[in-house]
Amino acid sequence: MYQLIYVSDKIETFTPSDMEEILCKARKNNAQYGITGLLVELPEHFIQILEGTQDKVEFTFNLICEDIRHTNIRVLLAEKTRAREMESWDMGFSEDLDPSQLDDARLILNNFSEKQNFSDIHRQSLKLLLKSLCHE
Ligand SMILES: Cc1cc2nc3c(=O)[nH]c(=O)nc-3n(C[C@H](O)[C@H](O)[C@H](O)COP(=O)(O)O)c2cc1C
């Protein structure tokens, strides 16, 4: 298994219907490619986890990188894992984050996006935090 976590900046003209379209496409394509994960939407950013075989994750990530609806894509983590950790996460999504969840998400952006080396505990807490913001 392979996992990739990135953050990006939303374009200013992004609309709710863009989000609906992305989720619809993501769920359809990812099911086909055996990709699980989650997507956190913040007012100005995205944070996404993609999990699957390395070739499928990289293929999908390349498509995502070409998408003009976001920019400044920064990979936080890209690594092999022993087993699938997001079995039941068929592209989970963060719907209507409350103010304290938004604070948690901003903490992730501020504390993790500049990080170079992740200890195991940081890696696990990053994933737990992201899962806590999303619905399966
Ligand atoms: C923040 C963000 C996350 C996305 N996540 C996925 C994803 O997980 N899977 C996917 O196939 N497309 C995702 N997309 C959409 C792709 O960039 C692209 O539009 C889509 O894969 C094209 O699908 P199609 O060739 O079936 O039209 C995402 C786009 C954005 C902006």
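That block above? That's the structure.
The structure displayed is predicted, hence computed values, not measured ones.

**Q** Help me understand the pairing of strand E3 (residues 45–52) in this model?
**A** Looking along a regular strand, one sees side chains alternate from face to face of the sheet. Here E3 lies mainly inside the structure; 7 of its 8 residues are buried. By the bridge criterion, 8 bridges tie strand E1 (residues 2–10) to E3 in an arrangement that is antiparallel. Pairing of Asp-9 across the sheet is with His-45, part of E3. In the sheet, strand E2 (residues 36–41) pairs with E3 via 6 bridges, with the strands oriented antiparallel. What sits directly across from Gly-37, in E3, is Leu-50. Following E2, the chain reverses through 3 residues before pairing antiparallel with E3.

**Q** What's the story with the nonpolar core in this structure? I'm lost.
**A** One broad rule of soluble globular proteins: the nonpolar side chains tend to lie buried together. Membership of the largest hydrophobic core comes to 23 residues, with the highest contact counts inside it found for Val-40, Ile-47 and Leu-130. Counting only elements with at least two residues in this core, the list comes to E1, E2, E3, strand E4 (70–80), helix H3 (99–112) and helix H4 (120–132). At 5 residues, the largest contribution of residues to this core is made by H3. Among all residues touching Leu-130, those that are not within four sequence positions of it are Ile-5, Leu-38, Val-40, Ile-47, Ile-49 and Ile-108. Among the nonpolar cores identified, the runner-up in size contains 17 residues, and Phe-14, Met-19, Ile-22 and Leu-39 belong to it.

**Q** Sorry if this is basic, but what is going on with the site of the ligand here?
**A** The ligand sits among 16 residues. The nearest are Lys-25, Asn-29, Asn-30, Gln-48 and Asp-67. Between Gln-48 and the ligand, the recorded distance is 3.0 Å, taken from a side-chain N or O atom to an oxygen atom. Contact distances for the ligand include 3.4 Å between an oxygen atom and a side-chain N or O atom of Arg-69. Protein burial of the ligand: of its 620 Å² of free accessible surface, 82% is covered by the chains. Looking at the shell around the ligand, the elements that each hand over two or more residues are helix H1 (16–33), E3 and helix H2 (54–66). Residue composition of the shell around the ligand, grouped by class: 8 nonpolar, 5 polar and 3 charged.

Reading the values: the criteria
- Residues numbered from 1 in each chain as written.
- Predicted model: local features only at pLDDT ≥ 70, side-chain atom pairs only at ≥ 80, totals over all residues.
- Heavy atoms only, no water.
- Buried < 20%, exposed > 50% of the residue type's maximum accessible area, 1.4 Å probe, protein only.
- Helix = DSSP H or I, 4+ residues; strand = E, 2+ residues; numbered from the N terminus.
- Pairing = 2+ DSSP bridges.
- Core = buried A, V, L, I, M, F, W, Y, C linked by side-chain atoms within 4.5 Å.
- Contact = heavy atoms within 4.5 Å.
- Near = heavy atom within 4 Å.
- Polar contact = N/O pair within 3.5 Å; in protein donor to acceptor, adjacent residues only side chain to side chain.
- Areas by Shrake-Rupley, 256 points an atom, 1.4 Å probe, with all protein chains shown as cover.
- Nonpolar A, V, L, I, M, F, W, Y, C, P; charged D, E, K, R; others polar.

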